[in-house]
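Structural overview for review
Now for the letters of each chain:
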Amino acid sequence: MVIERMAVVGAGQMGSGIAQVAAQAGIEVVLADATPELAQKGLARIGGSLQKLVEKGKLGAGDRTALLARLRAAERLEDCGRAQLLVEAIVENEGAKKELFRRADALLPPEAILASNTSSVSITALAAATRRPERFVGMHFMNPPPVMQLIEIVRGLQTSDATYQAVMELAKRFGKTTITSKDRPGFVVNRVLIPLLNEACFALEEGLASPEDIDTGVRLGLNHPMGPLTLADFIGLDTCLFIAEVLHRELGDDKYRPAPVLRQYVAAGWLGKKSGRGFYRYD
């Protein structure tokens with residue numbers, strides 16, 4: 001199956017980034033969200049991102065125009081009905097995702113593939129909410145999708161070989177590197193990453209060092225491009241907490257217990273960069 005038409009539902013930072021990557025690969029993309037205004041905002045975000053590439057000499061003005069012509073904002077979910085692949089990039093909530101996939105399942109042609117960008121929710125459970133579980137797969141893009149090289153492909157219990165091969169071929173067209181994970185809590189990347197971020201939170205809570213020193217220690221001592229607290233702010237502390245809770249609940253090991261300070265920050269609405277304050281303040 002060669003995919004030429006895609007839909008991305010969720011026009012935030014992840015969804016708009018995924019749509020941009022697909023359009024850059026020559027695919028027609030419909031970008032949808034809860035309201036037409038949010039979809040248009042996502043389209044504007046892509047336009048701004050591409051303009052920066054033009055100004056840096058990394059993209060021609062004509063190429064930007066051609067790329068944007070392959071993108072359109074949906075007025076409603078029904079506008080996604082011709083897609084051969086729908087990628088979900090909405091809030092990290094299992095109930096919300098299942099409801100979206102039930103609606104998409106009824107709209108899309110029988111041969112279309114449904115994919116989730118979830119970083120922690122079970123692909124098997126999401127697939128079971130549809131009538132095409134064999135045509136359901138996880139495509140976990142890293143943030144931000146236009147920059148990060150990796151896509152984590154997650155096979156649910158029901159995912160067919162044909163579905164898996166189709167999304168692997170698509171990832172190659174995107175110019176991405178893939179890894180394949182079984183459907184287990186946190187998959188590969190967050191199974192390793194979230195305990196690191198959570199331990200940095202514990203270190204901060206215990207007064208071991210300042211946020212700046214914790215981040216500098218990991219960045220320079222472990223050769224990471226970004227410190228763990230900065231990265232947590234970038235991901236969103238609410239998302240980090242949700243994934244930590246999934247790991248703790250599903251794996252049953254206290255080493256995944258979320259740090260109390262992480263819970264407190266989320267309760268305070270200090271969610272990181274997107275809210276203007278997390279472990280650091282953002283203008």
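Residues numbered from 1 in each chain as written. Predicted model: local features only at pLDDT ≥ 70, side-chain atom pairs only at ≥ 80, totals over all residues. Heavy atoms only, no water.

The name that an unreviewed UniProt entry assigns to the protein chain is 3-hydroxybutyryl-CoA dehydrogenase, with the source organism given as Anaeromyxobacter diazotrophicus.

1. Here's the deal with the layout of surface pockets
As a reminder of what qualifies: A cavity here means a set of 1 Å grid points, computed over protein atoms only, where a 1.4 Å probe fits but cannot escape. A pocket is an open set with protein on both sides within 12 Å along at least 5 of 7 lines, and lining residues have an atom within 4 Å of a point. Grid points are joined across faces, edges and corners, and a volume is the space filled by probe spheres set on the points. Secondary structure counts use DSSP, requiring at least four H or I residues in a row for a helix and at least two E residues in a row for a strand, with both numbered from the N terminus. Classification used: nonpolar for Ala, Val, Leu, Ile, Met, Phe, Trp, Tyr, Cys and Pro, charged for Asp, Glu, Lys and Arg, polar for all others including Gly. An automatic or database domain assignment supplies the start and end points of every domain.
Estimates place the volume of the largest pocket at around 1600 Å³. Taken together, 44 residues line the largest pocket, and the ones lying closest to its centre are Met 14, Asn 143, Phe 234, Ile 235 and Thr 239. Within the residue set of the lining of the largest pocket, elements represented by two or more residues are helix H1 (13–24), helix H2 (36–55), strand E6 (136–141), helix H7 (189–205), helix H9 (228–235) and helix H10 (237–251). The dominant element in the lining of the largest pocket, judged by the number of residues it contributes, is H7, at six residues. The residue inventory of the lining of the largest pocket, partitioned by class, reads 23 nonpolar, 12 polar and nine charged. Domain assignment of the residues forming the lining of the largest pocket places at least three in each of domain 1 (5–182) and domain 2 (190–273). Roughly 480 Å³ of volume is contained in the second largest pocket.

2. Describing H2
In plain terms, the rule: Helix span, as expected, comes to 1.5 Å for every residue beyond the first. A 1.4 Å probe rolled over the protein chains alone gives each residue an accessible area, and that area as a share of the maximum for its type sets the label: buried under 20%, exposed over 50%, partly exposed in between. The directions from the helix axis to the C-beta atoms are what the arc is built from. Whether two residues touch is decided by their heavy atoms; if any such pair falls within 4.5 Å, the residues are in contact.
In this model, H2 (20 residues) spans 29 Å end to end at C-alpha, consistent with the 28 Å of a helix rising 1.5 Å per residue. Listing the buried residues of H2 in full gives Ala 39, Gly 42, Leu 43, Ile 46, Gly 47 and Leu 50. Down the axis of H2, the smallest arc covering the buried residues is 140°, so these residues share one side. Opposite the buried face of H2, at more than 90 degrees from it, the exposed residues are Glu 37, Lys 41, Ala 44, Lys 52 and Glu 55. Buried residues in H2 make contact with H1, strand E2 (28–32), helix H3 (61–69) and strand E3 (71–73). A positive phi of about 80° marks Gly 57, the residue just after H2.

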